[in-house]
Amino acid sequence: MKILFTFPGQGTQRPGMLQNLPGHEMTEAREVLGAEIDTLDSPEALKHTRAVQLSLLIAGVAWAREMQRRGIEPDLVSGLSIGAYPAAVIAGALAFKDALSLVALRGDLMEQAYPHGYGLTAIMGLTLTQVEALVAGSGTYIANLNAETQIVIAGRDEDMAQVAQQAQALGATKAQRLAVSVPSHCALLNAPAQKLAQAFTGVTLSRPRCAYLSGSSARVLWQPERIADDLAMNMARTVRWQEAVIAANEREARLAIEMPPGGILTCLTRQAAWEGEAISLERSGVDVVAHLAKRLRA
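Residues numbered from 1 in each chain as written. Predicted model: local features only at pLDDT ≥ 70, side-chain atom pairs only at ≥ 80, totals over all residues. Heavy atoms only, no water.

Trainee: Describe the sheet that holds strand β10 (residues 277–280), and please don't skip the residues or the numbers.
Mentor: Judged by pairing direction, the sheet is mixed, and its six strands sit side by side in the order β8-β7-β2-β1-β9-β10 without closing on themselves. Edge positions in the sheet fall to β8 (220–221) and β10, since each has one partner strand and no second. In the sheet, strand β9 (residues 253–258) pairs with β10 via four bridges, with the strands oriented parallel. The residue bridging leucine 255 from the neighbouring strand is glutamate 277, located in β10. Of the strands in this sheet, β1 (2–7), β2 (76–79) and β7 (211–213) are in contact with helix α3 (residues 84–91), which crosses β2 at around 160°. Sitting on the sheet, helix α9 (residues 241–250) touches β1, β2, β7 and β9, and the angle it makes with β2 is about 175°. (Pairing = 2+ DSSP bridges. Helix = DSSP H or I, 4+ residues; strand = E, 2+ residues; numbered from the N terminus. Contact = heavy atoms within 4.5 Å. Axes fitted to C-alpha atoms, helices over the stretch in contact; angles between N-to-C directions.)

Structure representation (structure tokens):
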């Protein structure tokens, strides 16, 4: 039986999320980011995509390394959107310092492309077919396939609001604007993704030590060049989280441990016909997670 580490995406961030992290990741981050690190998780900073993504990267790496120090090694790693970067670091495919530089650029490129008026909206309670019909001709895009009836759309605020209203009239249980300020995971971000791909040409990636499971293609990637492409372009590609969970399940992963912050991926994993246990490190605590992991390995 195998262990899967999962890493959340934007929308899970909160002020103060980098306080009292285990390990030395904040010190390492300071070497790349300088004084920016001191206010990175402040309420004001977290209004910006760059700070959100950097905070999620640092927190994910710090807590996953803490698990490793406790003898808990993943067999697979997977991240949703920006979560792919800490996943790649923990897999040994991408150096943490390189990830910091790339994620800083990623956040800047995304925000500069769409500084205001765009984002993501989650629609719950409708099928993909129903949401596709609503999106057609609306100027919005399918962004995330998180679960059978949890689908995220991307686009301009007013266009998403109109689709959300129609979704609720059709029977959606919820249509909620997410705390994401850019239209991620659709063709609107093709141009910034291509610029980020150029930056990856100056970075050396390695073959991962454990399976790197793409949240975009739901496939395990071993070749460094394919992982680089996945990381660079995932901002413009649909998230297929449900399919990724199914793929992990088929590879006999039976314990999914979600790195802080939050527990959204744990809920989504449980909805994807997951045959094992899914647990949020933040909500359950290190000791409980360590006990479950060691029991699985016994």
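Read on for the rest.
Trainee: Let's hear about the pattern of salt bridges: which residues, and what values?
Mentor: According to the stated counting rule, one finds 18 salt bridges in the structure shown. Close ionic contact of arginine 30 with aspartate 38 constitutes a salt bridge, the shortest N to O distance being 2.5 Å. Relative accessible area serves as the criterion here: at 40%, arginine 30 is assigned to the partly exposed category. When its relative accessible area of 48% is taken as the criterion, aspartate 38 is described as partly exposed. A salt bridge links glutamate 243 to arginine 240; the nearest nitrogen and oxygen atoms lie 3.6 Å apart. Since its relative accessible area comes to 38%, glutamate 243 is described here as partly exposed. Among the residues examined, arginine 240 registers a relative accessible area of 30% and is labelled partly exposed. (Salt bridge = Lys/Arg side-chain N within 4 Å of Asp/Glu carboxyl O. Buried < 20%, exposed > 50% of the residue type's maximum accessible area, 1.4 Å probe, protein only.)

Trainee: Describe the nonpolar core, with residues and values.
Mentor: The biggest cluster of nonpolar side chains holds 80 residues, and the ones touching the most others in it are Phe5, Ile58, Tyr85, Leu231 and Ile257. A total of twelve residues in this core trace back to one element, the largest contributor, which is helix α2 (residues 49–69). In this structure, leucine 231 is in contact with Ala84, Tyr85, Ala88, Leu94, Arg106, Leu196, Phe200, Leu205 and Tyr212, ignoring residues within four places of it in sequence. Within the second largest apolar cluster, 21 residues are counted, among which are Leu4, Ala247, Leu265 and Ala272. (Core = buried A, V, L, I, M, F, W, Y, C linked by side-chain atoms within 4.5 Å.)

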